[in-house]
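A look at the structure
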Amino acid sequence: MARCAGLKAIRMHRYGGPEVLQLEEVDTPRCGPNDVRISVHATSVNPVDFKIREGMQRAVVWISFPFIPGMDVSGVISEVGVKVTAWKVGDEVFASPSHLRQGTYAEEVVVRASEVAHKPKNLSHVEAASLPLVAMTAWYSLVKSAKLKSGQRVLIQAGAGGVGTAAIQLAKALGASEVFATCSTRNVELVRSLGATPIDYTKDDYRVVARGVDVVLDSLGGEHLVAALKLVKRFGHVSCITPSFPTFARKYGVAGGFFVFLLHAAWLTVSSLIRKQVTLAFVTRFAVGTVLHQLGQLAEQGKLKPVVDRTYPLSEVAEAHRYAETGRARGKIVLTVR
Ligand SMILES: NC(=O)c1ccc[n+]([C@@H]2O[C@H](COP(=O)([O-])OP(=O)(O)OC[C@H]3O[C@@H](n4cnc5c(N)ncnc54)[C@H](OP(=O)(O)O)[C@@H]3O)[C@@H](O)[C@H]2O)c1
């Protein structure tokens, strides 16, 4: 570990509420031969950050304390590892790096060179930091898992959220003929402006309106996942990104909750396959720079526009988490670092 005097990051020393997030002076790991060091301009808050903070992801995300959260970054490369040839000091990049290392709520972060992509030229660092994790999740759900084809019909749950706003635009860019997206009344115009047919869940039943779609991106889990498997057409596909660990963990404990989740997931997968030949996949994003590069190109073409709800300085991260935990963010919450 190399000492970098005066460098700040948000660290947590235990699981708990937003108050466990402390702005502290830190050491940063040395830049390895295949790594790049990024001088962070902006990072973002994702729901997984507060799920990890609470300890509800312990069955699948192993962390050691003190831990720096954060899974998005936009910034400038300040050092390259000796084996790195694709990048140079001064390159503007963005990334959603692997959660297996320390996170991005920091003034500097070291990530694998293979995880970064050029920051889209038309985006600010704030806008760029809002995209990687949610856009890559949408990509792995719709492209890699569902293999969405031009002309297909899609339902995106929580269309006004971080993943939803990216997924709507990605589905349209992939040529989907109709993209339904659920939201509350106040977000109907936002969702429509992104290219979706809004389904206001306070007035209409998406189970009826979106019946027979080819693909569902489910980000709500629980009863909504069961509903997705029922409403999707025969031979259709459901990508679920919210496998309900926190819900099961609260009820049965972390290990018990994971076991119950596995049983539940297996039952849903097999029964929907037998009943309607519907495939179900629990999807996560992988930190792959080449995927992010393609998404960056869509952003430069104006086909993937960031939706930033609020920005907070890094020092006000606890407040940002409190807002994220309301579940009412419209698009993304970004933390500005410099
Ligand atoms: N597997 C993965 O790799 C992965 C990656 C990213 C996210 N996720 C998970 O996916 C979920 C969504 O993430 P996110 O970043 O999009 O969250 P988010 O930005 O916090 O989502 C907030 C949005 O959810 C909407 N919403 C809340 N309840 C709703 C409902 N019943 N029906 C429709 N919309 C509803 C809200 O819109 P209204 O105010 O209009 O209701 C709000 O705009 C989270 O659980 C997250 O942990 C998983």
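Residues numbered from 1 in each chain as written. Predicted model: local features only at pLDDT ≥ 70, side-chain atom pairs only at ≥ 80, totals over all residues.

Looking at the sheet that holds strand E12 (residues 237-240)
Read across the sheet, six strands follow the order E10-E9-E8-E11-E12-E13 without closing on themselves; strand pairing throughout is parallel. Strands at the two margins of the open sheet, each flanked by one partner only, are strand E10 (197-200) and strand E13 (279-282). Within this sheet the neighbouring strands show an average axis-to-axis angle of 15°, counted without direction. Pairing of strand E11 (residues 215-218) with E12, which is carried by four bridges, proceeds in the parallel orientation. Residue Asp218 lies in a different strand from E12, and its bridge partner there is Cys240. (Pairing = 2+ DSSP bridges. Helix = DSSP H or I, 4+ residues; strand = E, 2+ residues; numbered from the N terminus. Axes fitted to C-alpha atoms, helices over the stretch in contact; angles between N-to-C directions.)

Section: helix H9 (residues 254-276)
With 23 residues, H9 ought to run about 33 Å at 1.5 Å a step, and its terminal C-alpha atoms sit 32 Å apart, in line with that. Of all the residues in H9, the buried ones are Gly257, Phe261 and Ser272. Residues of H9 that are buried sit in contact with helix H7 (223-231), helix H8 (245-252) and E13. Of the residues trailing H9, Gln277 is marked for its positive phi of about 55°. (Expected span 1.5 Å × (residues − 1). Buried ≥ 20, exposed ≤ 12 C-beta atoms within 10 Å, placed from the backbone. Contact = placed C-beta atoms within 7 Å.)

Quick word on the pairing of strand E3 (residues 35-45)
Within E3, 10 of the 11 residues are buried, which leaves the element mostly enclosed by the surrounding structure. Both E3 and strand E4 (residues 73-80) contribute to a ladder of six bridges, which runs antiparallel. Within E4, the position partnered with Arg37 by the bridge is Glu79. As judged from the four bridges shared by E3 and strand E15 (residues 332-336), these two strands associate in the antiparallel manner.

Scope: geometric values only; no functional claims are made or implied.
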